[in-house]
Amino acid sequence: MLSYRAAIPLSDRTLVRLAKLIRAHRAQRCSRWRRLGPGQQALLVLAHLRNGDTYARLAGGFAIGTTTAWRYVREAVDLVAALADDVHTAARKASRLTYAVLDGTLIPIDRLADDRLYYSGKHHRHGVNVQFLADPAGRLVWASPALPGSVHDLTAARRTGLIDALAYAGVQVFADRGYQGAGSTIRTPFKRRRHRPRLSRHQKSVNRSHARIRAIGERAAATLKAWKVVVRLRCCPRRATAIVQAILVLQLIEEGRYSG
């Protein structure tokens, strides 16, 4: 088998923090000797999440079995995902911002537990729906648990409790037309309806300003999908929530914004 060096576009901060978490977990469980140390396991996990390396490639690169690579990744993902904020904590932190941007994204999947349930008519493909919040700089603030791709964005935001939490915290939120009717704190653009007058010049101007603000939030979606493992999930859709939550925490650690 041929091998080569590969780079992971992350800082040492993320690697050290993840290795520390793994080391503490092993000490708590009084774990026996393992094939890889905490630092090597952390490196393996980051290579999988950030670069999208498959278990077979990881097994070859780290000289371990494929099953061992799978077990190491699953263990670390669950450890990090447990550190993610719940929806109420996320809304409370978002209330400190001038405003937040709410949007949803579809993470494609290739293993289908139910074709109809995970099929998104909007995107014309199978996947899971993830709602996320972004700050005025376009940085990822929070990501919701993953729901089947057939769920509408507004329904997904309500089902995860995000709409109620944002309203209770009084967060000013900008969202697209799909969230119309969400609540008083959720600002959406004007929408023209059939058999009604066209939008006025003022309404069109408001929509353009609204679109410029929401465009910043697209950076958060790009940040999330910079972790190549979510470009197309090749695992059970039920694992999507843990993976997304782990990526959220690791991204906050990478940017020095994780306070846990």
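Everything quoted here is computed from the prediction, not taken from an experiment. Residue numbers here run from 1 along each chain, matching the order of that chain's written sequence. Reporting of local features is limited, given that this is a predicted model, to residues whose pLDDT is at least 70; pairs of side-chain atoms are given and counted only at 80 or more, and all residues count toward the totals for whole chains, interfaces and linings. Water and hydrogen atoms play no part in the side-chain values, which are based on all heavy atoms of the structure.

(A) The arrangement of the overall build of the protein chain in detail. A count of helical and extended segments in the protein chain gives 10 helices and seven strands. Radius of gyration (C-alpha) of the protein chain: 20 Å, near the 18 Å computed for a compact globule of 260 residues. Along the longest, intermediate and shortest principal axes, the C-alpha atoms of the protein chain span 70 × 40 × 30 Å. Type-normalised accessible area, obtained with a 1.4 Å probe on protein chains alone, sets the label of each residue: buried when under 20%, exposed when over 50%, and partly exposed for intermediate values. Going through the 260 residues of the protein chain one by one, you find that 47% of them count as buried. By definition in these notes, contact holds between two residues if any of their heavy atoms fall within 4.5 Å. Put simply, 62% of the contacts in the protein chain that link residues at least 6 apart link residues at least 24 apart. Only the protein chains shown count as cover for residues, and all accessible areas are computed by the Shrake-Rupley method using a 1.4 Å probe. For the protein chain, the exposed surface amounts to about 14,300 Å²; the carbon and sulfur share of it is 51%. Under this rule, positive means Lys or Arg and negative means Asp or Glu; His and the chain ends count for nothing. Note on charges: their place is set at NZ of Lys, CZ of Arg, CG of Asp or CD of Glu. The positive charge centre, built from 45 side chains, and the negative charge centre, built from 17, are 4 Å apart in the protein chain. Runs of H or I in DSSP of at least four residues are treated as helices and runs of E of at least two as strands, each being numbered from the N terminus. Using C-alpha atoms as the atom set, the radius of gyration is obtained and then compared with a globule rule of 2.2 Å times the number of residues to the power 0.38.

(B) Quick peek at the environment of L43. Positionally, L43 belongs in helix 2 (residues 38-51). In this structure L43 comes out as partly exposed when scored by relative accessible area, which is 31%. Along the primary structure L43 and F62 are separated by 19 residues, whereas in three dimensions their C-alpha atoms are 9.8 Å apart. Residues contacting L43, with those up to four places away along its chain left out, are I8, L15 and F62.

(C) Structural view of unusual backbone geometry. In this structure, C30 takes a positive phi of about 50 degrees despite not being glycine. Relative to the elements of secondary structure, C30 occurs in the loop between helix 1 (12-29) and helix 2. What makes C30 exposed here is its relative accessible area of 67%. For A63, which is not glycine, the phi torsion reads 55 degrees and is therefore positive.

Such coordinate-based values are descriptive only and should not be taken to indicate function.
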